[in-house]
Amino acid sequence: MKVAVAGCCHGALDKMYETLELLQRRHNVRPDLLLCCGDFQAVRNEADLRCMAVPAKYRHMQTFYRYYSGEKKAPVLTVFIGGNHEASNHLQELPYGGWVAPNIYYLGYAGVVRFRGVRIGGISGIFKSHDYRKGHFECPPYNQQTIRSAYHVRNIEVFKLKQLKRPIDIFMSHDWPRSIYHYGNKKQLLKMKSFFRQEVESNTLGSPAASELLQHLKPTYWFSAHLHVKFAAFMQHETNSKEELPKATKFLALDKCLPHRDFLQIIDVEHDPNAGDSLEYDAEWIAILKATNSLVNVTQSSWNMPENNGLHAKWDYSVTEEAIKEVLEELNHDLKIPCNFTLTAACYDPSKPQKNMEPVHTINPQTTEFCAQFGLTDINDRIQQAKEESSGRGECEEEEEEEMDSTGSAEEPSEYNTDNSGLSSFNPDEIMLDEEGGDEDLSTCSVDPSPDHPPEFSTSFSDIRIMPDSMVVSSDDAMDSNNEELEKSGGSKQGEEKSSTERSLKRIGGDENGNSGVKKIKRRNQAIYAAEDEDKTD
């Protein structure tokens, strides 16, 4: 089957679907599935805009609300993960995944589903070391800290994914797995994005958690976005035994969704011709969710996952074939995900803007139904209970500590590198907001209630590329067909990349006189955002 893969959507759903329609008209190619690698921006109304951690000038309604209201329907089944530019309050309603609109499915904090026999997994958010071991404690209305930490990857999601034993065909992450750039045309990448050089050379670009998952899962394909550049790599995995067959992963990072950008990729994926056309639960993943349910933590307390260090009675939460069989029997062997989308918030009305709409903490019926069916903890319900208990005792929520399960301890060392010197104070994958752009009080954040009208659709077909059968890159100097396309599409941008990096760029921290408190967008992200501004004026 044909699978379309998109990079950062940034709410431009009309643009994505128009591109797919153009593909069908011009080349008679109709994808069966669309995957989006984060920054989807499922913004329903003005309150959702307040929950996006972006400078005010990037808070635009875009077009998702039309699909949420039913005015439009996605022409192809769309599955996406979250990034770091999201309506976090909306996605938080669906921690285990669910429909955000008809025919548009969110994978949750982490998830695995099946479509036509193809196994698709993903993890939402970006890595940030100081939040990695915390629970999912955030809920709206967010403050200046939680509006960012809400989209940071947590160790429990990585732990769950590492319990998978069966092969994964496709995996998605928003930020790149750390070190993946060493398996592609690194020279060409740095030619296009010179401000990546320091992080690439110090091996701090990307997520160490995603890198760990890549080495463990060894999927056939891995797709990412976040850095607004197209990049291909081929990683040959080491085998653990002589009997194990060699495995390799084709990695592709996609550009952001803008006219004349290479943001969409079409690949051919082997599938089960006898499988139905419905999106399905994955039985092994459901069994893992049931097995790890006792590990759910909704506090700020740091929490290490169980490991084989002599301190835990159990550390292996992978599931048996019998447990998988029990899930199948519970579902009567019908794995079809129910189309139970429901509106949980008012939809934006251009004729009646509500600039002062406030976000609220919502319990989504889809999550309630899912948790009841499989005996899982409703994370949002647990958060709400914790808030009520804390309020009843007159204590601050941040000071509340839950009784810890015997399966873990907040004081034990972690198997994951959560205090990397390159990330503890400076995470290259975290966009910081400048003084003017987004550090104002959330209750007074400026909101642009007018939908962005996408530019007249380009007759150019440069937005689409068909992936070749092989993405092998033998060395840093190798130039496969993908990287030749990168060079062509990126050559005209060299001047603007250079000019953007020559600007005065500062990191957060004290100045030479010891003064601090003025926040700046980080150097690499200034260049990315400057290029984006220039793109919008073209």
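The protein goes by Lariat debranching enzyme in an unreviewed UniProt entry, where it is assigned to Lonchura striata. What the UniProt record of the protein gives under Sequence similarities (unreviewed entry) is the line "Belongs to the lariat debranching enzyme family."

Student: What should I look at first to understand the overall build of the protein in this one?
Tutor: Assigned secondary structure in the protein consists of 16 helices and 14 strands. Burial status across the protein gives 58% buried among its 538 residues. Long-range pairs, those at least 24 residues apart, make up 81% of the contacts in the protein with a sequence separation of at least 6. Surface summary for the protein: the accessible area is close to 22,200 Å², and the carbon and sulfur share equals 46%.

Student: Explanation requested: the packing of aromatic side chains in the structure shown.
Tutor: How two aromatic rings sit relative to each other is given by the distance of their centres and the angle of their planes. Following the criterion strictly, the structure yields 19 aromatic pairs and no others. Pairing Tyr 221 with Phe 223 gives two aromatic rings, centres 5.8 Å apart and planes at 15°, and the pair type is stacked. Taking the relative accessible area as the measure of exposure, Tyr 221 reaches 11% and is therefore buried. Judged by relative accessible area, which is 0%, Phe 223 ranks as buried. One cation-aromatic arrangement involves Lys 314 over Tyr 317; the distance from NZ or CZ to the ring centre is 4.5 Å.

Student: Looking at this structure, I do not really get empty space enclosed by the protein. What am I missing?
Tutor: If a probe as big as a water molecule is rolled over the atoms, it shows which places are left empty. Applying the stated criterion across every chain yields a total of eight cavities of 30 Å³ or more. Counted as a void, the largest cavity has a volume near 190 Å³. Tyr 106, Tyr 109, Ser 124, Ala 150 and Tyr 151 are, among the 19 residues lining the largest cavity, the residues nearest its centre. Counting residues per element, the lining of the largest cavity draws most heavily on helix α4 (residues 88-92), which supplies three residues. For the lining of the largest cavity, the residue count by class is seven nonpolar, eight polar and four charged. Of the voids in this model, the second largest cavity is the one considered here, and its volume is about 100 Å³. Of all the elements in the fold, those that place two or more residues in the lining of the second largest cavity are β4 (98-101) and α12 (365-374). With five residues, α12 is the largest single contributor of residues to the lining of the second largest cavity. Class assignment for the residues of the lining of the second largest cavity results in six nonpolar, six polar and one charged.

Student: Whenever I open this one, the pairing of strand β1 (residues 2-6) confuses me. Can you help?
Tutor: Along any regular strand the residues' side chains alternate between the sheet's two faces. Along β1, four of the five residues are buried, which leaves the element largely enclosed by surrounding structure. Of the strand pairs in this sheet, β1 and strand β12 (residues 264-268) are connected by five bridges, and their pairing is antiparallel. Bridge assignment links Ala 6 to a residue of β12, and that residue is Leu 264. Here four bridges tie β1 to strand β2 (residues 33-36), and the two strands are oriented parallel to one another. Paired with Ala 4 across the two strands is Leu 34, which belongs to β2. Since β1 and β2 lie parallel, the crossover through helix α1 (residues 13-27) that links them has a hand, and here it is right-handed.

Student: Help me understand unusual backbone geometry, please; the structure alone is not making it clear to me.
Tutor: Residues apart from glycine generally show negative phi values, whereas peptide bonds are mostly found in trans. Here the residue pair Pro 140 and Pro 141 is connected by a cis peptide bond, since its omega of 0° sits within 30 degrees of zero. Mapped onto the fold, Pro 141 is located in the loop between β7 (118-123) and α5 (146-149). A positive phi is found at Asp 39, a non-glycine position, where the angle reads about 50°. Within the secondary structure layout, Asp 39 lies in the loop between β2 and α2 (46-49). The phi dihedral of Gln 41 falls on the positive side, at around 60°, and the residue is not glycine. In this structure, Gln 41 sits in the loop between β2 and α2. Residue Gln 41 is classed as buried on the basis of its relative accessible area, which comes to 6%.

Student: Explain the pattern of salt bridges here, please?
Tutor: Think of it this way: side chains of opposite charge can pair up when their charged atoms draw near. Enumeration over the complete set of coordinates arrives at 17 salt bridges. In this structure, the salt-bridge partner of Arg 44 is Asp 48, at a minimum N-O distance of 2.7 Å. Here Arg 44 and Asp 48 have matching classes, each one buried. For Asp 282, the salt bridge goes to Arg 119, with nearest N and O atoms at 2.7 Å. Taken as a pair, Asp 282 in the loop between β13 (279-281) and α10 (283-291) and Arg 119 in strand β7 lie far apart in primary sequence, 163 residues in all. Through salt bridges with shared partners, a single network forms among Arg 114, Arg 119, Asp 282 and Glu 284.

Student: For this particular structure, what's the right way to read the sheet that holds strand β11 (residues 248-253)?
Tutor: Consider a sheet: its strands pair through backbone hydrogen bonds, and that pairing is either parallel or antiparallel. Read from one edge of the open sheet, seven strands run β10-β11-β9-β8-β7-β6-β13, paired in mixed fashion. Only two strands of the sheet have a single partner each, and these edge strands are β10 (231-236) and β13. Between one strand axis and the next, the sheet turns through 25° on average, direction left out of account. Pairing analysis gives six bridges linking β10 to β11, with the strands arranged antiparallel. Paired with Ala 233 across the two strands is Phe 251, which belongs to β11.

Student: Would you mind going over the side chain of Ser 88 with me for this structure?
Tutor: Here Ser 88 shows up in helix α4. Looking at Ser 88, the relative accessible area reads 8%, which means it is buried. Those residues in contact with Ser 88, other than ones at most four positions away along the chain, are Cys 51, Tyr 142, Ala 150 and Tyr 151.

Student: Mind showing me how you'd approach the nonpolar core here?
Tutor: A general trend in soluble globular proteins is that nonpolar side chains are found buried together. The biggest cluster of nonpolar side chains holds 116 residues, and the ones touching the most others in it are Phe 40, Ile 104 and Trp 176. By residue number, the principal contributor to this core is α10, which donates six residues. Excluding residues within four positions of it along the chain, Phe 40 makes contact with Cys 9, His 10, Gly 11, Leu 13, Met 16, Phe 64, Thr 78, Phe 80, His 85, Glu 86 and Ile 104. The next biggest cluster of nonpolar side chains, apart from the first, holds nine residues, and it includes Val 43, Met 52, Val 54 and Met 61.

Student: Sorry if this is basic, but what is going on with the environment of Val 76 here?
Tutor: Note on placement: Val 76 falls in the loop between α3 (64-69) and β3 (78-80). With 59 residues separating them along the chain, Val 76 and Tyr 17 place their C-alpha atoms 8.2 Å apart. Other than its neighbours up to four places away in sequence, Val 76 contacts Tyr 17, Leu 20, Pro 31, Asp 32, Leu 33, Leu 34 and Asn 103.

Student: What is the right way to read α12 from this model?
Tutor: Residue pairs spaced three or four apart in an α-helix point in one direction, given the helix's 3.6 residues per turn. What α12 keeps buried is the set Gln 366, Thr 367, Phe 370, Cys 371 and Phe 374. The buried residues of α12 occupy an angular sector of 125° when projected down its axis, which confines them to one face. For α12, the elements touching its buried residues are β4, β13, α10 and α11 (321-330). Its side-chain oxygen at 2.9 Å from the backbone nitrogen of Gln 366, Asn 364 defines the N-terminal cap of α12.

Rules behind the numbers
Residues numbered from 1 in each chain as written. Predicted model: local features only at pLDDT ≥ 70, side-chain atom pairs only at ≥ 80, totals over all residues. Heavy atoms only, no water. UniProt positions renumbered as here; feature names shortened; annotations may be inferred. Helix = DSSP H or I, 4+ residues; strand = E, 2+ residues; numbered from the N terminus. Buried < 20%, exposed > 50% of the residue type's maximum accessible area, 1.4 Å probe, protein only. Contact = heavy atoms within 4.5 Å. Areas by Shrake-Rupley, 256 points an atom, 1.4 Å probe, with all protein chains shown as cover. Phe/Tyr/Trp six-rings, centres within 6.5 Å; stacked < 30°, edge-to-face > 60°. Lys NZ or Arg CZ within 6 Å of the ring centre and 35° of its normal. 1 Å grid on protein atoms, 1.4 Å probe; cavity = no way out; pocket = protein on both sides within 12 Å on 5 of 7 lines; lining within 4 Å. Points joined across faces, edges and corners; volume = space filled by probe spheres on them. Nonpolar A, V, L, I, M, F, W, Y, C, P; charged D, E, K, R; others polar. Pairing = 2+ DSSP bridges. Right-handed = clockwise from strand over helix to strand, strands pointing away. Salt bridge = Lys/Arg side-chain N within 4 Å of Asp/Glu carboxyl O. Axes fitted to C-alpha atoms, helices over the stretch in contact; angles between N-to-C directions. Core = buried A, V, L, I, M, F, W, Y, C linked by side-chain atoms within 4.5 Å. Arc of directions from axis to C-beta. Polar contact = N/O pair within 3.5 Å; in protein donor to acceptor, adjacent residues only side chain to side chain.

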